[in-house]
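Residue-level listing of the chains:
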Amino acid sequence: MTDTPQDEAVHSVCNILGKLRELADAQNKVSIGDVLDAIGDRSYGPALMLPALIEISPIGGIPGLPTFLAAIVALVAAQLLFGKKHLWLPRVIQKRALSGEKLHKAADKLDGIAARLDQWFHGRMPHFIQGVWPRIAAGIVILLCLTVPPLEFVPFASTAPMAAIIAFGLALLVRDGLLMLIAIGAGVLSIAVGAGLIGSSGLMSRQ
């Protein structure tokens, strides 16, 4: 991966979708490595958000994709947890690609929610984006990712942890401390609900 120049760094959800469309228009296949090159390897917020946004789009209905996306998010969150300044992903993950046409359609479908997110959230209570808070967020994101594989078997259930992950990524992207606190609450709630669903599914399967 190459570094993205500072003046090309992403600062909003709409900016992220715009870069995805640029990639989709420029090539038939867009790899995860291409996306990271476009958003920059220091951009933890977008790197957490993008897989989660894809999961809640129509593409997320592909069997096994939510688990794969959760694995990417967990790997990104682990690096944030340990304070790495540059993102790294294994080459086998970087090479995974999606058709430009599907990526463009997914970005188009997310335009409405992206515009609302950019309008609603902006830099508030910035001290909750500094210090230990990003690492607390990373730990919760990893726990959320662990709930995704079993929740794949429950229709639409994996959307809840991914929505919380989007909130964490957005909070880091726009440096909104209030959103970070909301994301922490939503993340803890989602983990509890997910654990309950997994437990009830396990009990039903044994009956």
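Residues numbered from 1 in each chain as written. Predicted model: local features only at pLDDT ≥ 70, side-chain atom pairs only at ≥ 80, totals over all residues. Heavy atoms only, no water.

Chemist: For this particular structure, what's the right way to read the overall build of the protein chain?
Modeler: Of regular secondary structure, the protein chain possesses ten helices and two strands. Starting at the N terminus and ending at the C terminus, the protein chain contains elements arranged as α-β-α-α-α-α-β-α-α-α-α-α. Its C-alpha atoms give the protein chain principal-axis dimensions of about 55 × 40 × 30 Å. Counting every position in the protein chain, which comprises 207 residues, the buried fraction comes to 46%. Of the accessible surface of the protein chain, which amounts to about 10300 Å², a share of 64% is contributed by carbon and sulfur atoms. For the protein chain, the centre of its 17 positive side-chain charges and the centre of its 15 negative side-chain charges are spaced 7 Å apart. (Helix = DSSP H or I, 4+ residues; strand = E, 2+ residues; numbered from the N terminus. Buried < 20%, exposed > 50% of the residue type's maximum accessible area, 1.4 Å probe, protein only. Areas by Shrake-Rupley, 256 points an atom, 1.4 Å probe, with all protein chains shown as cover. Lys, Arg positive; Asp, Glu negative; His and termini not counted. Charge placed at Lys NZ, Arg CZ, Asp CG, Glu CD.)

Chemist: What is the right way to read the nonpolar core from this model?
Modeler: What tends to happen in soluble globular proteins is that the nonpolar side chains get buried as a cluster. Judged by nonpolar contacts, the single largest core of 61 residues is most densely connected at Val13, Leu48, Val141, Ile165, Phe168, Leu170 and Met180. Here Leu170 is in contact with Val13, Met49, Leu117, Phe121, Arg175 and Leu179, once residues within four sequence places are set aside. (Core = buried A, V, L, I, M, F, W, Y, C linked by side-chain atoms within 4.5 Å. Contact = heavy atoms within 4.5 Å.)

Chemist: What should I look at first to understand the pattern of salt bridges in this one?
Modeler: Close approach of charged atoms allows side chains of opposite charge to pair. Taken as a whole, this structure holds four salt bridges when the rule is applied. A salt bridge links Arg21 to Asp111, with the nearest nitrogen and oxygen atoms 2.9 Å apart. Note that Arg21 is positioned in helix α1 (residues 13–26) and Asp111 in helix α7 (residues 111–120), a separation of 90 residues in sequence. Residue Arg21 is classed as buried on the basis of its relative accessible area of 18%. In this structure, Asp176 engages Arg124 in a salt bridge whose closest nitrogen and oxygen atoms are separated by 2.9 Å. Placement of the pair is Asp176 in the loop between α9 (159–174) and α10 (177–206) and Arg124 in the loop between α7 and α8 (133–151), with a sequence separation of 52 residues. Linked by salt bridges that have partners in common, Arg21, Asp108 and Asp111 make up one network. (Salt bridge = Lys/Arg side-chain N within 4 Å of Asp/Glu carboxyl O.)

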